[in-house]
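Breakdown of the fold
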Amino acid sequence: MSADLTRLAGHELAGLLAAGEVSSVEATQAHLDRIAAVDGELHAFLHVNAGAIDQARAIDERRASGEQLHELAGAPVAIKDVLCTVGMPSTSGSRILEGWIPPYDATPVARLKAAGLVPLGKTNMDEFAMGSSTEHSAYGPTRNPWDLERIPGGSGGGSAAAVASFEAPFALGSDTGGSIRQPAAVTGTVGVKPTYGGVSRYGSIALASSLDQVGPVTRTVLDSALLHDVIGGHDPHDSTSLDRDWPSFAAAAREGAAAGDLRGLRVGVVRELDSDGIAADVDARFQEAVQLMTDAGAEVVEVSCPSFAYSVAAYYLILPAEASSNLARFDSVRFGLRVERPGQTVEDVMGATREAGFGPEVKRRIILGTYALSAGYYDAYYGSAQKVRTLIQRDFDAAFAQADLLISPAAPTTAFKLGEKLDDPLAMYVNDITTIPANLAGIPGMGLPMGLGDDGLPVGLQLLAPMFEDDRLYRAGAAIEALLAERWGGILTTKAPLLRDAAAGGSSGTDRTEAAR
Amino acid sequence: MSEITREEVQHLAGLARIALTDDEVTSLTSELSKIVDAIAEVREVAGPDVPATSHPVPMANVMRDDEVGETLTREQVFAGAPSHDGERFRVSAILGEEQ
């Protein structure tokens, strides 16, 4: 029974828990066992929650006493290390916060706990979410469960690898320039960046405050919707949190899956994201996805967003500028690392602490951001980047006048090899072209599987919706997922190699690649 | 090619309070020049007529009710501090001898 529990989709497991057929202790233990078996190789987790079984038992006792619990109560969840968690270290992948245990829970974490979900632990990430591969984690990279020599995406590679390898049915991520959607693409999983302000940023260790957004990471669209329903909504602790009534995203996902078609949906293919930079096999899967949507009754049109050509440049000015300011809080005074020698001033201590505590990518971006904000350069760089942001919003407005949803590949290639882009920051930055525009504009986006590339590795589709219209992602995403599952005989992650077999034999099964082409 | 010099990187590192090593200054000088070249194109696109966007959803003066809320206890605040005396964070000298 234990091995089967980890293979269930989150909503299926939650159904068994609610029906009393499986206890939270059993479900939690099954996932802890899976972590113990495979995480030595994967390194998706930085910390495993020692209190998980006790917390699961408490949920079981409440359920046994007849208490009406949330529909996800007792289900295990993995939490990206960017989020503050009482009782578990929260490092954001950095040495400067090594061992730091926050005095409060991030709002999304508090809401998970209130709904009775059981935290399994904290997942690995690029340091302060700066990266697209998890190779910038101060604690070593996470590996892609589809091929251990490849990256799981980033910055949220740990959460994506955890759900892809059945270590967790649910996980939380954060997406500043694609850190939920790109890992979903390269691990064959589902991830959603909500509308900016849809989920509270309170307790999320800030990277770039005008771009950061916390969201769900799962294997199915419905599971993401269920998690989004739990974590979303207004939070007075975050002044940028949106005070509005959101529809049930789970209801939207269920409607989409039940409809089984896309009739009446206008879908826009973004010309600028369907171009030279997209690998041939990714493009082939994308054209097939367009055909699938057309066959399902969607009206597909081409839209043009000419300013997207400048989005990477604008992003790599705005993000470092905001990050250089946000990361000033790591000053060696109130929390985190302190490196000091007798006789030094507090300023010397700050410099030595930040030198020792930050990794190379963090230093690079802080220095770049400091440069962009310097007198004499501010208007030319930061000011211009903010204008590009306006142009990108206008492009989206025009595109959404023609289409209900926009689509593109979620990442330009399948997972690249560990080390392949580590020494070339610009190559890593350009990789984010498909996902960055949504963050600059604040609109919601989803990454979901659309097949396998020539190398047998997952390829992701990106859906983008207008501001506040997150439910469109879930309705259409669930319909597309159902149509693809019908073709493949199951969702894509069911084709993922069994990790222990892969580790022992080296050949991770060629049979998995055929069905999803 | 952007004109970022070693001295400029050292100055930025001082502003950012990061005591970079000489090797780091060397690599950052070269990397930053390349990165700035790649992103300098933002200067070309938008004219003076395009307003800047700082935030995806415009908001102004988000206020909460003026009521006492929950706060952290002193113990919670100091639990993560590198050094404290139970009432205050402890740091080394603010001013050096030459100041």
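Starting from 1, residues in each chain are numbered consecutively following that chain's sequence as written. Note on labels: chains are lettered from A, ligands numbered from 1, in written order. Two thresholds apply to this predicted model, a pLDDT of at least 70 for residue-level local features and 80 or more for giving and counting side-chain atom pairs, whereas whole-chain, interface and lining totals are computed over all residues.

Cut-off, in case you're wondering: UniProt positions are given in the numbering used here, feature names are shortened, and annotations may be inferred rather than shown by experiment.
Under an unreviewed UniProt entry, chain B has the name Aspartyl/glutamyl-tRNA(Asn/Gln) amidotransferase subunit C and belongs to Agrococcus sediminis. Per UniProt, the comment on chain B under Sequence similarities (unreviewed entry) is "Belongs to the GatC family." Taken from UniProt, the Subunit (unreviewed entry) comment for chain B reads in full: "Heterotrimer of A, B and C subunits."

As recorded by an unreviewed UniProt entry, chain A carries the name Glutamyl-tRNA(Gln) amidotransferase subunit A and is attributed to Agrococcus sediminis. Looking at the Function (unreviewed entry) heading of the UniProt record, one finds this comment for chain A: "Allows the formation of correctly charged Gln-tRNA(Gln) through the transamidation of misacylated Glu-tRNA(Gln) in organisms which lack glutaminyl-tRNA synthetase. The reaction takes place in the presence of glutamine and ATP through an activated gamma-phospho-Glu-tRNA(Gln)." UniProt lists a comment for chain A under the heading Sequence similarities (unreviewed entry), and it reads "Belongs to the amidase family. GatA subfamily."

**Some thoughts on the overall build of chain B**
How we decide: Comment: elements are numbered from the N terminus, with helices defined as DSSP H or I runs of at least four residues and strands as E runs of at least two. We compute the radius of gyration from the C-alpha atoms alone; for a globule the expected value is 2.2 Å times N to the 0.38, where N is the number of residues. Put simply, a residue is buried when 20 or more other C-beta atoms lie within 10 Å of its own C-beta and exposed when 12 or fewer do; between those, it is partly exposed, and each C-beta is set from the backbone.
Scanning chain B for helices and strands turns up four helices and zero strands. Along chain B, helices and strands appear, N-terminal first, in the series α-α-α-α. Relative to a compact globule of 99 residues, whose C-alpha radius of gyration would be 13 Å, chain B shows 22 Å and is clearly more extended. Along the longest, intermediate and shortest principal axes, the C-alpha atoms of chain B span 55 × 45 × 25 Å. Burial status across chain B gives 19% buried among its 99 residues.

**A word on unusual backbone geometry**
Residue and element names in this part refer to chain A. Of the consecutive residues Gly154 and Ser155, the connecting peptide bond is found in the cis state with omega at 5°. Among the secondary structure elements, Ser155 is positioned in the loop between β3 (118–123) and α6 (157–164). If you check the backbone angles, Phe128 has positive phi at about 50° while not being a glycine. Tracing the chain through its elements places Phe128 in the loop between β3 and α6. Positive phi values are uncommon outside glycine, yet Phe166 reaches one of about 65°. Tracing the backbone shows Phe166 in the loop between α6 and β4 (170–174).

**Re the UniProt feature "domain: Amidase" (unreviewed entry) in chain A**
What UniProt calls "domain: Amidase" (unreviewed entry) maps, in this numbering, to residues 26–473 of chain A. Helix and strand shares over residues 26–473 of chain A are 38% and 13% respectively, and the end C-alpha atoms of the span are 33 Å apart.

**Focus on the UniProt feature "active site" (unreviewed entry) in chain A**
All names here are of chain A. This is how the line gets drawn: Note on contacts: each residue gets a C-beta atom placed from the backbone, and two residues are in contact if those atoms are within 7 Å.
The positions UniProt marks with the feature "active site" (unreviewed entry) are Lys80, Ser155 and Ser179. The largest pairwise C-alpha distance within this set of annotated residues, which runs over 100 residues, is 10.9 Å, so the set is compact in three dimensions. Residue placement: Lys80 occurs in strand β2 (residues 76–80). Among the residues examined, Lys80 registers 34 C-beta atoms within 10 Å and is labelled buried. The residues touching Lys80, leaving out its near neighbours within four places in the chain, are Thr123, Met125, Gly156, Gly158, Ser159, Leu172, Gly173 and Ser174. Beyond its immediate chain neighbours, meaning those up to four positions away, Ser155 contacts Met125, Asp126, Ala129, Met130, Gly131, Thr134 and Ser179.

**Re the interface of chain A and chain B**
Convention followed: Just so you know the grouping, Ala, Val, Leu, Ile, Met, Phe, Trp, Tyr, Cys and Pro go in nonpolar, Asp, Glu, Lys and Arg go in charged, and all remaining residues, Gly too, go in polar.
Taken together, the 57 residues of chain A in the interface contact 48 residues of chain B. The element that contributes the greatest number of residues to the side of chain A that touches chain B is helix α14 (residues 379–402) of chain A, accounting for 12 residues. Residue classes in the side of chain A that touches chain B are distributed as 30 nonpolar, 17 polar and 10 charged.

**Some words on the confidence of the model for chain A**
The condition that has to hold: Each residue carries a pLDDT value, the predictor's own confidence for that position, ranging from 0 to 100.
Confidence along chain A averages 94 in pLDDT terms, with 96% of residues attaining 70 or more. pLDDT under 50 marks residues 501–515 of chain A. Its contacts with residues more than four places away, or in other chains, come to 14 contacts.

**Some thoughts on the sheet that holds strand β5 (residues 190–193) of chain A**
Residues and elements named next belong to chain A. To be explicit about the condition: Here, any two strands with at least 2 DSSP bridges between them count as paired. Every axis corresponds to a line fitted to the C-alpha atoms, with the helix fit spanning only the stretch in contact, and the corresponding angles, defined between N-to-C directions, vary from 0 to 180 degrees.
Read from one edge to the other, the open sheet built from 11 strands follows the order β1-β3-β2-β4-β6-β5-β10-β11-β9-β7-β8, with strand pairing classed as mixed. In the strand order of this sheet, the two ends are held by β1 (45–48) and β8 (299–303), each with one partner. Taken pair by pair, the neighbouring strands of this sheet meet at an average axis angle of 30°, ignoring direction. In this sheet, β3 lies alongside β2 in parallel orientation, the contact comprising five bridges. Along β3, the bridge assignment pairs Ile79 with Lys122. Packing against the sheet, α14 makes contact with β7 (266–270), β8 and β9 (405–409), and its axis sits at approximately 140° to β7.

**What about the environment of A:Gln462?**
Residues and elements named next belong to chain A. Structurally, Gln462 can be placed in strand β11 (residues 458–464). For Gln462 and Leu172, which are 290 residues apart along the polypeptide, the C-alpha to C-alpha distance reads 18 Å. When near neighbours in sequence (up to four residues on either side) are disregarded, Gln462 contacts Arg181, Ile407, Ser408, Pro409, Ala410, Thr434, Thr435, Gly445, Met446 and Gly447.

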